[in-house]
Amino acid sequence: MSRRRDPDVAIRCTDLSIARASARSSESLRVVDGVSFDLPHATSLALMGPTGSGKSSLAAVLAGIDEMGLAVVGGDAYVDGIPVRRPGRDRRTLTWVTGYLAQRAGADLPARMTVSDVIAEPIVSRDRRVNAHALEVRVATLLDEFMLPLGASAKYPYELSAGMRQRVALARTLIHSPRVLIVDEPFANLDVEARRAACDAILRRRDADGMSTVVVTNDAQIASDLSAAVLVMRGGHPIAYGPRMDDLLWTPSADPDQRLVSS
């Protein structure tokens, strides 16, 4: 059966529950329980909450990452029309239409690849016959967009500062023009100017290409800068949701606590 993009939403998440395999026993640990939301095209959602709330696990599953021992055990979610529970052969497509930035992405860049190769890798790994000149121009454009010197393309990650490495990781995530961007603490180690440039890069793609964004953060300013709706999680459960930070609706079982959504 051919998949169909939802004309209204980039992500439709319905009662989604996720478990992580345990290394110490045969039982799995449920890390996300009963999350539901719709993310319209060309909009943003901020996932917020304390450490261990399930934010990063939810982001990884939505991006189609299957290397973290995570599995959908209830409900489902569709990203660009692809089911994350049983994507089958569409998993490759899912990881292409989404751009995923994990925590510590800047610190974990491949040490033996130049910056240019790191940024280009998502395209080259899928198409060895790509036009080399066109790809070089695209990499150079991203370097400029993220306020990185052109000379950085020939350097190795260990030669760059932490903030520069983070910007390289962001550029790598955007190189293939994803329809949905899923990023975990994307502005870590960035100064004010670099953070503004990174935020503008996301907003530019939202306005020009209709890209949707899910951002894991506890920084209220990021949610505001991206005009993001907010989903607050605690202990794997969604406990508040709202179209903006100042208009959160809390579940009856959760006491409103702004400390959960402020850095």
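Just above, that's the structure.
Residues numbered from 1 in each chain as written. Predicted model: local features only at pLDDT ≥ 70, side-chain atom pairs only at ≥ 80, totals over all residues. Heavy atoms only, no water.

Another aspect to go through is the pattern of salt bridges. Inspection of the entire model under this criterion finds twelve salt bridges. As a salt-bridge pair, Asp 33 and Arg 30 come within 3.3 Å of each other at their nearest N and O atoms. Exposure remark for Asp 33: the relative accessible area of 27% places this residue in the partly exposed category. Between Glu 121 and Arg 172 there is a salt bridge, and its shortest N-O distance comes to 2.4 Å. Here Arg 172 lies in helix α5 (residues 162-174) and Glu 121 lies in helix α3 (residues 115-124), a separation of 51 residues in the sequence. (Salt bridge = Lys/Arg side-chain N within 4 Å of Asp/Glu carboxyl O. Buried < 20%, exposed > 50% of the residue type's maximum accessible area, 1.4 Å probe, protein only. Helix = DSSP H or I, 4+ residues; strand = E, 2+ residues; numbered from the N terminus.)

The strands making up a sheet are joined through hydrogen bonds of the backbone, oriented either antiparallel or parallel. What the seven strands build is an open sheet, ordered β6-β7-β8-β3-β9-β10-β11; its pairing is mixed. On the outer flanks of this sheet lie β6 (98-101) and β11 (249-250), each paired with one strand and no other. Where strand β3 (residues 44-48) meets strand β9 (residues 229-234), four bridges bridge the pair, whose relative direction is parallel. If you follow Leu 47 over to β9, its bridge partner there is Leu 231. (Pairing = 2+ DSSP bridges.)

A few words on the packing of α3 against α5. Interaxial distance between α3 and α5 falls to 7 Å at its minimum, and their mutual angle equals 30°. By the angle class used here, α3 and α5 are roughly parallel. Where α3 crosses over α5, the handedness of that crossing is right-handed. Where α3 approaches α5, its residues Val 115, Val 118, Ile 119, Glu 121 and Pro 122 are matched on the opposing element by Val 168, Ala 171 and Arg 172. Tallied by class, the residues present in the contact of α3 with α5 amount to six nonpolar, no polar and two charged. (Axes fitted to C-alpha atoms, helices over the stretch in contact; angles between N-to-C directions. Parallel < 35°, antiparallel > 145°, perpendicular 65-115°, else oblique. Left-handed = near helix turned anticlockwise from the far one by under 90°. Contact = heavy atoms within 4.5 Å. Nonpolar A, V, L, I, M, F, W, Y, C, P; charged D, E, K, R; others polar.)

The residue Met 68 is located in the loop between α1 (55-62) and β4 (70-79) in this model. When the C-alpha positions of Met 68 and Arg 20 are compared, they lie 7.8 Å apart, and in sequence the two are 48 residues distant. What Met 68 contacts, discounting residues up to four positions off in sequence, is Arg 20, Ala 60 and Tyr 100.

In terms of burial, α1 is a largely internal element, seven of the eight residues being buried. Turning to α1, its buried residues are Lys 55, Ser 57, Leu 58, Ala 59, Ala 60, Val 61 and Leu 62.

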